[in-house]
Amino acid sequence: MQKYGILFNIKIKNIKIMNIGIIGLGTVTQGFIEILSEKGNWIQEKYGTHIKLVAVKDIQKGNIYNSKGINLEELLSKLNNNQHLSDDSLSEATTVASIEDVDLIVEATYSDYKTGDPAYTFIKDALSNGKHVVTTNKGPVALRFTELNEIAEKNNVSLRYEGTVLSGTPTFSLIEECLAGDEILEIRGILNGTSNYILSKMSEGDSFESALSVAQEKGYAEADPTNDVKGYDARGKVAILSHKVFGVDLGLDNIPTIGIDTISKEELDAAKNEGKNIRLIGSLKKSGNSVTGKVQPEALPMSDALSNIGGVTNAIEITTKYLGKVMMTGPGAGKLETGYSVFSDVLSIIKNKN
């Protein structure tokens, strides 16, 4: 495994170096780079680790490699101005996982729920090469969780994926740290901010088509919104939660899923007349040794905390044996909000290695 180098500052204090490579320069990683540019000195002072971004690779935006560290402000300026990145030292055939001095890879390409690729291959290669991985990619984690974790353990590296479920809201940190020792019995959540935004706009009088169009204009929904409105994105998150919380591989096909694309304004109005709001709910329930999951629209009474979550906000309610119900809400979109999930995972790896 790649060992961190050592710097000596004027206080003669050993400083570890962590070299990071990024695959995919979309909204999430640009947010991470912004946060890193602001908090780099704080990380070094608090955790004794100097982070260098040494490689970035994006199929459309180009590549950069600099063993001494890429200037983050210059990189952000180029990305903000849509300038193509070009570096002859990092060819199209070179993978970030093969760069010897990279210690940690941030993988943030698009999610594919059928094969998990190309992200699955990127993550597998990185872990096999002894590099830590932070990913926000739901496809490979939902489909190949057990295999990828076994590779990480075999090579004594970390695989972190906080951003796969509730963007930057620290769901896994809550479960791993704050709820350690408690027994989780049930999980319910609004796991897809796009669907929640559309339902919220429809309850205000918009049509499905109009609400979707606005969501796309605001960047909440992709040009192809299938994964959001059909419930596939929420289903992937339920699968990841099942792996993480209960250690059970449900399989995507075994999670009954109904999206929001067939919900009419009349149904929303009827629910409202009954004092209810319709929300797309992803849920998991443990009964004895059995775990079941599902995704479906539900008409929730106003007394249900999830009923009152509107807009692009995500929320998760965890029922435990000792604490009862614990709820967390947070943003379901946004550059810095989603970028923070990557930042928090990088910090977790640094803290665990110190």
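Residues numbered from 1 in each chain as written. Predicted model: local features only at pLDDT ≥ 70, side-chain atom pairs only at ≥ 80, totals over all residues. Heavy atoms only, no water.

Asks: Can you lay out the overall build of the protein for me, pointing to particular residues and giving the numbers?
Replies: Across its full length, the protein holds 12 helices and 12 strands. For a compact globule of 354 residues, the expected C-alpha radius of gyration is about 20 Å, and the protein comes in at 21 Å, within 12% of that figure. Taken along the three principal axes of its C-alpha coordinates, the protein extends 65 × 45 × 40 Å. A buried classification covers 52% of the 354 residues belonging to the protein. Of all intrachain contacts in the protein linking residues separated by at least 6 positions in sequence, the fraction that spans at least 24 positions is 69%. Entry remark: accessible area of the protein is about 16,200 Å², with carbon and sulfur atoms responsible for 47%. Averaging the locations of the 37 positively and 45 negatively charged side chains of the protein gives two centres separated by 5 Å. (Helix = DSSP H or I, 4+ residues; strand = E, 2+ residues; numbered from the N terminus. Rg over C-alpha atoms; globule rule 2.2 N^0.38 Å. Buried < 20%, exposed > 50% of the residue type's maximum accessible area, 1.4 Å probe, protein only. Contact = heavy atoms within 4.5 Å. Areas by Shrake-Rupley, 256 points an atom, 1.4 Å probe, with all protein chains shown as cover. Lys, Arg positive; Asp, Glu negative; His and termini not counted. Charge placed at Lys NZ, Arg CZ, Asp CG, Glu CD.)

Asks: Quick rundown of the pairing of strand E9 (residues 276-287)? Include the residues and the values.
Replies: By the bridge criterion, 4 bridges tie strand E8 (residues 184-190) to E9 in an arrangement that is antiparallel. Among the inter-strand pairings, Ile187 is bridged to a residue of E9, identified as Leu284. Judged from the 12 bridges that link them, E9 and strand E10 (residues 290-301) form a sheet pairing that is antiparallel. Among the inter-strand pairings, Leu280 is bridged to a residue of E10, identified as Pro297. In textbook terms, the turn of a hairpin is the stretch between consecutive antiparallel strands, and for E9 and E10 this stretch comprises 2 residues, one of which, Gly288, has a positive phi near 65°. (Pairing = 2+ DSSP bridges.)

Asks: Outline empty space enclosed by the protein, listing residues and values.
Replies: Tallying each qualifying case throughout the model produces 1 cavity of 30 Å³ or more. Estimated volume of the largest cavity: approximately 30 Å³. Lining the largest cavity, in full, are Ser203, Leu268, Ala271, Lys272, Lys276, Asn277, Ile278 and Arg279. Residue assignment for the lining of the largest cavity shows that the elements contributing at least two residues are helix H11 (265-273) and E9. At 4 residues, the largest contribution of residues to the lining of the largest cavity is made by E9. Of the residues assigned to the lining of the largest cavity, the class counts are 3 nonpolar, 2 polar and 3 charged. (1 Å grid on protein atoms, 1.4 Å probe; cavity = no way out; pocket = protein on both sides within 12 Å on 5 of 7 lines; lining within 4 Å. Points joined across faces, edges and corners; volume = space filled by probe spheres on them. Nonpolar A, V, L, I, M, F, W, Y, C, P; charged D, E, K, R; others polar.)

Asks: Describe in detail the packing of aromatic side chains, supporting the description with residues and values.
Replies: Evaluated as defined, the whole model comprises 5 aromatic pairs. For the ring pair Phe145 and Tyr161, a centre distance of 5.7 Å and an interplane angle of 80° mean the geometry is edge-to-face. Taken together, the residues Phe145 in helix H4 (residues 138-154) and Tyr161 in the loop between strand E7 (159-160) and helix H5 (163-166) connect sequence positions 16 residues apart. Taking the centre distance of 5.3 Å and the plane angle of 75° together, the rings of Tyr161 and Phe172 count as edge-to-face. (Phe/Tyr/Trp six-rings, centres within 6.5 Å; stacked < 30°, edge-to-face > 60°.)

Asks: If you had to explain the pattern of salt bridges to someone new, which residues and values would you point to?
Replies: In the structure shown here, the tally under the stated rule is 16 salt bridges. As a salt-bridge pair, Arg144 and Glu147 come within 3.5 Å of each other at their nearest N and O atoms. A residue pair is termed a helical-turn pair when its members lie 3 or 4 positions apart in one helix, as Arg144 and Glu147 do in helix H4 at 3 residues. Assessed through its relative accessible area of 31%, Arg144 is described here as partly exposed. (Salt bridge = Lys/Arg side-chain N within 4 Å of Asp/Glu carboxyl O.)

Asks: Now, about the nonpolar core: what can you tell me, with residues and values included?
Replies: Among the nonpolar cores identified, the biggest contains 65 residues, and Leu127, Ile187, Ile198 and Leu241 are the most heavily contacted of them. Per element, the largest residue contribution to this core is 7 residues, and it comes from helix H10 (residues 232-246). Contact partners of Leu127, with chain neighbours within four places excluded, come to Val133, Leu148, Ile151, Ala152, Asn155, Val157, Ser158 and Leu159. Judged by nonpolar contacts, the second largest core, of 30 residues, contains Phe32, Tyr47, Leu53 and Leu76. (Core = buried A, V, L, I, M, F, W, Y, C linked by side-chain atoms within 4.5 Å.)

Asks: Quick rundown of helix H2 (residues 72-80)? Include the residues and the values.
Replies: Those residues of H2 that fall on the buried side of the exposure criterion are Leu72, Leu75, Leu76 and Leu79. Taken down its axis, H2 places every buried residue within 95° of arc, on the same side. Of the exposed residues in H2, those oriented more than 90 degrees away from the buried face are Glu73 and Glu74. The elements touched by buried residues of H2 are helix H1 (27-47), strand E3 (49-58) and strand E4 (62-65). Where H2 begins, the capping side chain belongs to Asn71, and its oxygen is found 3.1 Å from the backbone nitrogen of Glu73. Asn82, located one to two residues past H2, shows a positive phi value of around 55°. (Arc of directions from axis to C-beta. Polar contact = N/O pair within 3.5 Å; in protein donor to acceptor, adjacent residues only side chain to side chain.)

Asks: Account for the layout of surface pockets, with residues named and values stated.
Replies: If a probe as big as a water molecule is rolled over the atoms, it shows which places are left empty. Volume-wise, the second largest pocket comes out at about 250 Å³. Lining the second largest pocket are 13 residues, and of these Leu36, Gly40, His50, Ile51 and Leu72 lie nearest its centre. Class assignment of the residues belonging to the lining of the second largest pocket gives a composition of 5 nonpolar, 6 polar and 2 charged.

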